[in-house]
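# Descriptive analysis of the structure
One-letter residues, chain by chain:
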Amino acid sequence: MAELTYREAVARGIAQEMARDENVVFLGEDVAKAGGVFKATVGLLEQFGPKRVLDTPISEQAILGAAMGAAMTGLRPIAEIMFADFIAVCYDYIANEFPKTRYMTNGQITMPLVVRCGNGGGARFGAQHSQSVENWCMQFPGLKVVAPSSPVDVVGLLAAAVRDPNPVVFLEHKSLYATKGEVPEGEIVDQLGIAKILRPGRDATILALGMMVSRALQAAQTLQSEHGIDCEVIDVRSLVPLDTQCILGSVARTGRVFTVEENPRQLGWGAELVSIIADESFYDLDGPLVRITTPNIPLPAADALEDLAIPSVSRIVDTIRRALSA
Amino acid sequence: MANKLAPHSATPSPNRSEATLIPLTKRLEMYRLLSLTRQAEQRAFDLFLQNQIKGTSHLSLGQEAVAAGAAAAMQPGDLSFCTYRGHAHTLARGVPVEKVLGELMGRDNGLMRGKGGSMHLTSVEHGVMGSYAIIGAHLPIACGAAWRAQYKGHKDVSVCFFGDGTTNIGAFHEALNFAACMKLPVVFVCENNLYMEYTPIADVIPVQYPAADRAAAYGLDRIVIDGNDVDVVYETLSQAYAKARAGHGPSLVECLTYRYSGHSRADPAKYRPAGELEKWKERDPVKAYRKRLGALGVADAKLDAIDAEILKIIDEATQACQAAPPTSTDILFTDVYADGGCAWRN
Ligand SMILES: Cc1ncc(C[n+]2csc(CCOP(=O)(O)OP(=O)(O)O)c2C)c(N)n1
Ligand SMILES: [Mg+2]
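Residues numbered from 1 in each chain as written. Chains lettered and ligands numbered in written order. Predicted model: local features only at pLDDT ≥ 70, side-chain atom pairs only at ≥ 80, totals over all residues. Heavy atoms only, no water.

## Description of the overall build of chain A
The helix and strand inventory of chain A stands at 11 helices and 14 strands. Here chain A has a C-alpha radius of gyration of 19 Å; the compact-globule value for 326 residues is 20 Å, and the two agree. The principal-axis extents of the C-alpha atoms in chain A amount to approximately 60 × 45 × 40 Å. Taken across its 326 residues, chain A has 62% of its residues classed as buried. Total accessible area on chain A is roughly 11500 Å²; 53% of this is exposed by carbon and sulfur atoms. Computed over 28 positive and 39 negative side-chain charges, the separation of the two mean positions in chain A equals 1 Å. (Helix = DSSP H or I, 4+ residues; strand = E, 2+ residues; numbered from the N terminus. Rg over C-alpha atoms; globule rule 2.2 N^0.38 Å. Buried < 20%, exposed > 50% of the residue type's maximum accessible area, 1.4 Å probe, protein only. Areas by Shrake-Rupley, 256 points an atom, 1.4 Å probe, with all protein chains shown as cover. Lys, Arg positive; Asp, Glu negative; His and termini not counted. Charge placed at Lys NZ, Arg CZ, Asp CG, Glu CD.)

Pasting the structure below:
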């Protein structure tokens with residue numbers, strides 16, 4: 001067992017898959033010689049050479065389009081879109097091309113590709129380099145969307161994404177790149193569509209993703225120690241496919257649900273989850289479904305403002321405490 | 001390699017190919033493709049007017065020489081990437097007429113059993129890797145297929161067709177730069193039919209030739225050809241494909257042509273100046289080729305027999321489609337994901 005940073009885990013996951021299958025190729029801006037702007041792909045060029053690890057022009061449409069054409073004809077590309085916000089300039093591929101091609105062609109075309117991005121806030125980068133774009137991606141039938149919260153999940157879910165025959169958007173959290181965690185030696189392959197209960201609890205279910213997972217865990221600890229509230233914390237990990245059974249099972253045990261979402265409130269990923277819970281577990285609920293989100297604003301840059309905007313441990317604690325004592 | 005021609009000069013490159021070495025069998029094959037695409041598109045038009053085809057359609061009537069010449073120059077295994085105006089390109093690769101008409105008519109015998117429709121004709125087994133309806137999207141995709149060929153050491157060429165209007169979208173420029181930098185085996189074929197939907201391309205570009213005049217920015221040759229002359233298309237693209245196959249990188253070829261019908265089913269094309277259509281019809285690619293073949297000693301009767309044989313195929317295909325059941329509704333939920341279904345949650 002070695003301790004790896006989240007960024008080292010990215011390189012480890014990509015390397016594991018590239019070593020296993022020579023159809024796996026990797027392209028993106030500044031990813032090869034420079035090792036990525038987040039230094040998450042250091043060493044890959046040296047290990048696999050310039051035919052398999054490509055520095056591209058600043059052409060997000062060319063990156064995703066080329067990944068698609070390569071995937072359709074037999075490769076398994078991993079494409080990096082540096083900041084998840086930049087998906088907006090190549091959204092056609094996410095919205096119209098990747099997810100619809102298999103369906104429109106009646107199954108003639110298979111699209112095994114992965115789009116990796118640095119997602120999320122907390123780095124003081126301002127409104128166009130900090131967004132959490134899960135909901136930009138999860139609305140398209142045909143696409144899968146994954147967001148790991150720990151180094152070991154990065155390796156395992158990345159491997160699962162590369163091996164999946166469908167297009168997968170893999171949202172790494174840019175404020176987690178420096179965080180560390182235990183990662184076992186040897187090949188690690190996880191499964192898409194499996195949520196993880198990180199902390200069992202009886203009083204409420206907290207659904208979190210990415211950087212919000214550790215905050216949810218800290219909040220749960222405070223709620224337990226200071227208020228005697230016992231929260232179950234679920235790392236959703238995969239929005240598509242969604243582990244509905246895990247979530248509904250937890251709701252049946254606790255009767256209360258809180259989502260912790262980094263995206264602005266309007267149509268964030270939690271909205272779909274609470275709608276499923278309301279439809280299918282209504283009679284298990286002991287109170288309203290509560291969404292803890294960034295307010296409906298663009299993210300500001302300054303520390304004091306960004307910290308106020310993104311759900312914090314204390315906001316999670318306060319919201320849950322108030323809701324449960326109401 | 002370039003045969004330069006002003007768009008409105010309307011000079012069919014006279015006799016230029018008669019002296020060159022396109023074998024007669026290849027020429028007859030190309031006549032067959034011209035006749036097939038002309039008559040099949042005409043049939044699609046008629047079926048639309050009879051409301052037997054729903055939705056929209058974008059015909060290549062008048063532009064057949066590009067599809068015929070481009071396909072005739074390809075080898076099996078080469079890949080075509082088409083637009084919504086893709087019927088002719090799809091047929092020219094050997095996809096059966098019945099499958100194409102069935103798709104247009106929403107029948108169970110359709111190429112994609114009705115799941116894609118007119119704008120998305122795809123037949124992987126014939127190398128037709130899709131028809132794309134978002135302007136420019138498929139230029140980078142063709143680059144990706146060519147990248148795979150280069151990476152794997154495969155010898156196939158990816159051929160990407162698009163219109164004059166497509167040269168103003170970002171993906172066009174991203175793809176050309178990407179392909180040129182990587183020396184990819186991809187050939188970009190611009191069918192300049194002088195119009196986008198309803199607006200003349202000349203109104204929205206600062207240069208004369210929307211594709212060719214941008215080629216230099218990507219270190220590519222400026223190639224403008226008579227897209228109504230199937231021999232010229234065949235020869236030019238044969239050279240471009242050979243260059244790609246030899247590892248010398250992409251080409252951008254601008255073919256000057258004209259569409260006879262409106263942009264799509266809904267368009268009566270009232271925006272065209274009087275006499276323009278008639279002038280282009282004087283240079284009709286099918287008639288012009290009949291003339292050239294006649295000058296080469298091919299009897300009219302032989303060409304008439306090809307036309308008749310193709311008409312029979314199209315008639316039989318039409319009848320088969322009319323008799324075919326509508327697409328079975330049990331495929332509504334299939335093939336969203338690679339497991340064959342649409343489940344996104346447990
Ligand atoms: C991104 C995008 N913008 C606009 C359209 C609508 N549209 C469909 S066809 C077309 C004209 C394209 O002109 P051109 O590239 O010259 O091709 P042609 O139809 O003449 O073959 C437009 C604007 C579209 N499909 N996609
Ligand atoms: Mg046009």
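From this point on, the discussion continues.
## What about helix 1 (residues 6-20) of chain A?
Here helix 1 of chain A contains 15 residues, and its C-alpha end-to-end distance of 21 Å stays within 8% of the 21 Å for a straight helix at 1.5 Å per residue. Of the residues making up helix 1 of chain A, those classed as buried are Tyr6, Ala9, Val10, Ala11, Gly13, Ile14, Ala15, Gln16, Glu17 and Met18 of chain A. (Expected span 1.5 Å × (residues − 1).)

## Description of the sheet that holds strand 3 (residues 53-55) of chain A
Residues and elements named next belong to chain A. Taken in spatial order, the 7 strands make up an open sheet running 3-2-4-5-7-6-12, and their pairing is mixed. Two strands bound the open sheet, and with one partner strand each, they are strand 3 and strand 12 (238-240). Each adjacent strand pair in this sheet contributes to an overall mean axis angle of 20 degrees, direction not counted. Inspection of the sheet shows strand 2 (residues 24-28) paired to strand 3 by 3 bridges, in the parallel sense. Directly across from leucine 27, in strand 3, lies its bridge partner leucine 54. Most of the contacts of helix 6 (residues 151-163) go to strand 7 (residues 168-173), to which it runs at about 165 degrees, and overall it touches strand 2, strand 4 (76-83), strand 5 (114-119), strand 6 (144-146) and strand 7. (Pairing = 2+ DSSP bridges. Axes fitted to C-alpha atoms, helices over the stretch in contact; angles between N-to-C directions. Contact = heavy atoms within 4.5 Å.)

## Quick notes on the packing of aromatic side chains
Ring pairs (aromatic) are described by centroid distance and by the angle formed between their planes. Following the criterion strictly, the structure yields 15 aromatic pairs over all chains and no others. For the ring pair phenylalanine 282 of chain A and tyrosine 283 of chain A, a centre distance of 5.3 Å and an interplane angle of 90 degrees mean the geometry is edge-to-face. Classification of tyrosine 283 of chain A by relative accessible area gives exposed; the value is 79%. Both rings, one in phenylalanine 81 of chain B and one in tyrosine 132 of chain B, keep their centres 6.5 Å apart while their planes meet at 25 degrees; by these two values the pair is stacked. One end of the pair, phenylalanine 81 of chain B, is in strand 1 (residues 79-83); the other, tyrosine 132 of chain B, is in strand 2 (residues 128-132), with 51 residues separating them in the sequence. According to the relative accessible area criterion, phenylalanine 81 of chain B is buried, its value standing at 0%. With relative accessibility at 5%, the residue tyrosine 132 of chain B sits in the buried group. Through a chain of ring-to-ring contacts, three or more aromatic side chains come together here, namely Tyr6, Phe38, Phe83, Phe86, Phe125 and Tyr177 of chain A. Over the ring of tyrosine 103 of chain A we find lysine 115 of chain B; its NZ or CZ atom is 4.1 Å from the centre of that ring. Across the ring face of tyrosine 260 of chain B, the terminal group of lysine 281 of chain B is positioned such that the distance to the ring centre comes to 5.1 Å. (Phe/Tyr/Trp six-rings, centres within 6.5 Å; stacked < 30°, edge-to-face > 60°. Lys NZ or Arg CZ within 6 Å of the ring centre and 35° of its normal.)

## Some points on the side chain of arginine 259 of chain B
Residues and elements named next belong to chain B. Note that arginine 259 resides in the loop between strand 6 (251-256) and helix 9 (276-281). Looking at arginine 259, its side chain comes within polar contact range of the main-chain oxygen of methionine 196, at 3.2 Å. In contact with arginine 259, other than residues within four places in its own chain, are Leu61, Gln63, Arg85, Asn193, Tyr195, Met196, Glu197, Asp267, Tyr271 and Arg272. (Polar contact = N/O pair within 3.5 Å; in protein donor to acceptor, adjacent residues only side chain to side chain.)

## Some points on the pattern of salt bridges
Per the counting criterion, the structure on display carries 35 salt bridges over all chains. A salt bridge links glutamate 29 of chain B to lysine 26 of chain B, with the nearest nitrogen and oxygen atoms 3.2 Å apart. Linking glutamate 29 of chain B with lysine 26 of chain B, this pair stays in helix 1 (residues 24-49), spanning 3 residues, or about one helical turn. A salt bridge links glutamate 309 of chain B to arginine 32 of chain B; the shortest N-O distance between them is 3.0 Å. In this pair, glutamate 309 of chain B sits in helix 11 (residues 300-323) while arginine 32 of chain B sits in helix 1, placing the two residues 277 residues apart along the sequence. Note on arginine 32 of chain B: relative accessible area 32%, which makes it partly exposed. Linked through salt bridges whose partners overlap, the residues forming this network are Glu17, Arg20, Arg163 and Glu187 of chain A. (Salt bridge = Lys/Arg side-chain N within 4 Å of Asp/Glu carboxyl O.)

## Remarks on the coordination of the magnesium ion (ligand 2)
Protein coordination at the magnesium ion (ligand 2): the donors are Asp164 of chain B (OD), Asn193 of chain B (OD1) and Tyr195 of chain B (O), at 2.0 to 2.2 Å from the metal. The buried category is assigned to tyrosine 195 of chain B, whose relative accessible area is 6%. (Donors = N, O, S within 2.8 Å, 3.2 Å for Na, K, Ca; no water.)

## Details of the nonpolar core
Nonpolar side chains tend to gather and get buried jointly when the protein is soluble and globular. Residues Leu64 of chain A together with Phe81 and Phe188 of chain B are the most contacted members of the largest nonpolar core, which totals 87 residues. Looking at this core, the element that brings in the most residues is helix 3 (residues 60-72) of chain A, giving 9 residues. When residues of this core are assigned to domains, at least three map to each of domain 1 (2-183) and domain 2 (196-324) of chain A. Discounting residues that sit within four places of it in the chain, phenylalanine 188 of chain B has contacts with Leu139, Cys143, Cys160, Phe162, Ala175, Leu176, Ala179, Pro250, Ser251, Leu252 and Val253 of chain B. Ranked by size, the runner-up nonpolar core spans 70 residues in total, among them Cys82, Tyr241, Leu293 and Ile310 of chain B. (Core = buried A, V, L, I, M, F, W, Y, C linked by side-chain atoms within 4.5 Å. Domains from an automatic or database assignment.)

## A look at the domain arrangement of chain A
All names here are of chain A. One can read the domain layout of chain A as domain 1 (2-183) and domain 2 (196-324). For domain 1 and domain 2, the distance between their C-alpha centres works out to 26 Å. Facing 24 residues of domain 1, the contacting portion of domain 2 comprises 26 residues. At the boundary of domain 1 with domain 2, total buried surface from both sides reaches about 2000 Å², with 55% on carbon and sulfur atoms. When the buried area of domain 1 at its contact with domain 2 is split by residue, Arg124, Asn135 and Met138 rank highest and sum to 29% of it. Remark: the boundary between domain 1 and domain 2 carries 4 salt bridges. Among the ionic pairs, glutamate 306 bridges to arginine 124, the shortest N-O distance being 2.9 Å. (Buried area = accessible area lost by both parts, 1.4 Å probe.)

## A closer look at the confidence of the model for chain A
Per-chain confidence: chain A averages 98 in pLDDT, with 100% of residues scoring 70 or above. Element-level pLDDT for chain A is lowest in strand 1 (residues 2-5) of chain A, with a mean of 96, against a maximum mean of 99 in strand 11 (residues 231-235) of chain A. (pLDDT = per-residue confidence, 0-100.)

## Focus: helix 2 (residues 64-73) of chain B
Most of helix 2 of chain B sits inside the fold, with 10 of its 10 residues counted as buried. Within helix 2 of chain B, burial applies to Glu64, Ala65, Val66, Ala67, Ala68, Gly69, Ala70, Ala71, Ala72 and Ala73 of chain B.

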